[in-house]
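# Remarks on the overall topology
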Amino acid sequence: MNTSAFHAGTVAVIGRPNVGKSTLVNALVGAKVSITSNRPQTTRHRLLGIATFPHGQLLLVDTPGLHREQSRHGGKAMHRAMNRAARGALEGVDAAMLVIEAGRWDDGDTLAYDALREAKVPVVLVVNQVDRTKDKTQLLPFLAEVSKDRDFASVHPVSALKRKGLEPLVESVLKLLPQQPALYAEDEITDKSQRFLAGELLREQLMRQLGAELPYATTVEIERFEEEPSEKTGAMYRIGAVIWVERDGQKAIVIGKAGARLKEISTKARLSMEALFGCKVFLETWVRVREGWSDDEAALKAFGYE
Ligand SMILES: Nc1nc2c(ncn2[C@@H]2O[C@H](COP(=O)(O)OP(=O)(O)OP(=O)(O)O)[C@@H](O)[C@H]2O)c(=O)[nH]1
């Protein structure tokens, strides 16, 4: 490897809820480090996905506050608040990927763009979900329209889901990063612990399978995470997870008829854990009721919320 041409640095991934940020991060990292669902606001925690390529390394960071509720509020006060939040979140970031949905640019995108410009972060525009654009002749005019009078380092139509257009995107972003050796080892994909990721994968299944039925205050706590040697398969992880809800009725929803739903949720979560960790997983899940925990600051802390 020619280390003199190696670029590495932090890249903020910014965009309205549900545009496909997590899907993009996972596609770039090549593994599932960020959970996805078609419900907005899936990403609760700041995430760092690490993507290493022959010419460089991207440290992909979430910027909480920058893509929350953007489109619902407007006005100067919101603009100022956004810019304040942006300044903190963007400190030390080398570049940003502004992710939008093909065919759509709204006020939220403008706010994010302005915040990035104000923070003087070079921005690459990622026009995602191009696979959903049926009439491809509309794409070029759309790209021209959104880049007119805006200062993007480059513009990339991609499909994060189908992993299309990612190579040129990576090349462009790497060019914006300082020339320096890799900051993390090549096989590191996240700074999050496996324990944390296990909880995220279970939460992902809860969201996917319960959809709108998922009680708002549901959270996941990993009570047990142990590695055990296994004669047959090498290592095995024994994971115990508690799904916390606020009421008995909610518990019944999560468990489902004769436990069918919880079984399905646990099986799918276990399979994604095995895929991510590369070993057998023995997963046990319980649903427990804790009344009013979402009001209790100390309880929130115990669940990993700041
Ligand atoms: N067709 C298509 N769907 C996509 C693409 N990228 C993401 N999606 C879907 O869009 C939905 C939202 O994707 P996420 O990656 O969770 O979006 P996000 O921006 O991280 O969402 P938040 O965490 O809520 O901010 C999921 O159902 C994805 O499968 C794409 O390129 N094409």
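For the structure given in this document, a descriptive report is provided here. Since this is a predicted model, take the numbers as computed values, not measurements.

Another aspect to go through is the packing of helix 6 (residues 194–210) against helix 8 (residues 260–277). Closest axis-to-axis distance for the helix 6/helix 8 pair is 9 Å, and the angle between their directions is 140°. One finds that helix 6 runs oblique with respect to helix 8. Our pair here, helix 6 against helix 8, has a crossing hand that is right-handed. Judged by residue contacts, Gln 194, Leu 197, Ala 198, Leu 201, Leu 202, Gln 205, Leu 206, Gln 209 and Leu 210 of helix 6 engage Arg 261, Glu 264, Ile 265, Lys 268, Ala 269, Ser 272, Met 273, Leu 276 and Phe 277 from helix 8. For the contact of helix 6 with helix 8, the class distribution of residues is 11 nonpolar, four polar and three charged.

This paragraph deals with the pairing of strand 4 (residues 95–101). Each regular strand displays side chains that alternate between the two surfaces of the sheet. Within strand 4, seven of the seven residues are buried, which leaves it mostly tucked inside the rest of the structure. Residue alternation in strand 4 divides its side chains into two sets, Ala 95, Met 97, Val 99 and Glu 101 and Ala 96, Leu 98 and Ile 100, and both sets are buried. Relative to strand 4, strand 1 (residues 7–15) runs parallel, the two being bridged by five bridges. Of the residues in strand 4, the one forming a bridge with Ala 12 is Ala 96. Taken together, strand 4, helix 3 (residues 107–118) and strand 5 (residues 123–128) form a β-α-β motif whose crossover is right-handed.

Residues Ser 154 and His 156 line the buried face of strand 6 (residues 154–157), whereas the alternating positions Val 155 and Pro 157 sit on a face that is not buried. Pairing analysis gives four bridges linking strand 5 to strand 6, with the strands arranged parallel. Each bridged residue has a counterpart across the sheet, and for Val 126 the counterpart in strand 6 is His 156. Taken together, strand 5, helix 4 (residues 139–147) and strand 6 constitute a β-α-β crossover, and its handedness is right-handed.

So, about the sheet that holds strand 7 (residues 219–230). If you walk across this open sheet you meet the three strands as 7-8-9, and the pairing is mixed. A strand with exactly one partner marks an edge of an open sheet, and here the two such strands are strand 7 and strand 9 (280–289). Here the strands of the sheet are splayed against their neighbours by 15° on average, with no regard to which way each runs. Relative to the sheet, helix 6 contacts strand 7, strand 8 (234–245) and strand 9, its axis offset from that of strand 7 by approximately 125°. In the packing of helix 8 onto the sheet, the strands contacted are strand 7, strand 8 and strand 9, and the crossing angle to strand 9 comes to about 140°.

With that settled, the discussion passes to the environment of Ser 22. Looking at the element boundaries, Ser 22 is found in helix 1 (residues 21–29). Along the primary structure Ser 22 and Asp 62 are separated by 40 residues, whereas in three dimensions their C-alpha atoms are 9.3 Å apart.

A separate point is the nonpolar core. Core analysis: the largest hydrophobic core is formed by 27 residues, its most contacted members being Leu 202, Leu 206, Ile 239, Ile 243, Val 254, Met 273 and Phe 277. Looking at this core, the element that brings in the most residues is helix 6, giving seven residues. Once residues within four sequence positions are removed from consideration, Met 273 is found in contact with Ala 198, Leu 201, Leu 202, Ile 239, Gly 278, Val 281 and Leu 283. Within the second largest apolar cluster, 24 residues are counted, among which are Val 99, Val 126, Val 158 and Leu 177.

Conventions we followed
- Residues numbered from 1 in each chain as written.
- Predicted model: local features only at pLDDT ≥ 70, side-chain atom pairs only at ≥ 80, totals over all residues.
- Heavy atoms only, no water.
- Axes fitted to C-alpha atoms, helices over the stretch in contact; angles between N-to-C directions.
- Helix = DSSP H or I, 4+ residues; strand = E, 2+ residues; numbered from the N terminus.
- Parallel < 35°, antiparallel > 145°, perpendicular 65-115°, else oblique.
- Left-handed = near helix turned anticlockwise from the far one by under 90°.
- Contact = heavy atoms within 4.5 Å.
- Nonpolar A, V, L, I, M, F, W, Y, C, P; charged D, E, K, R; others polar.
- Buried < 20%, exposed > 50% of the residue type's maximum accessible area, 1.4 Å probe, protein only.
- Pairing = 2+ DSSP bridges.
- Right-handed = clockwise from strand over helix to strand, strands pointing away.
- Core = buried A, V, L, I, M, F, W, Y, C linked by side-chain atoms within 4.5 Å.

Keep in mind that these numbers describe shape and distance, not what the molecule does.
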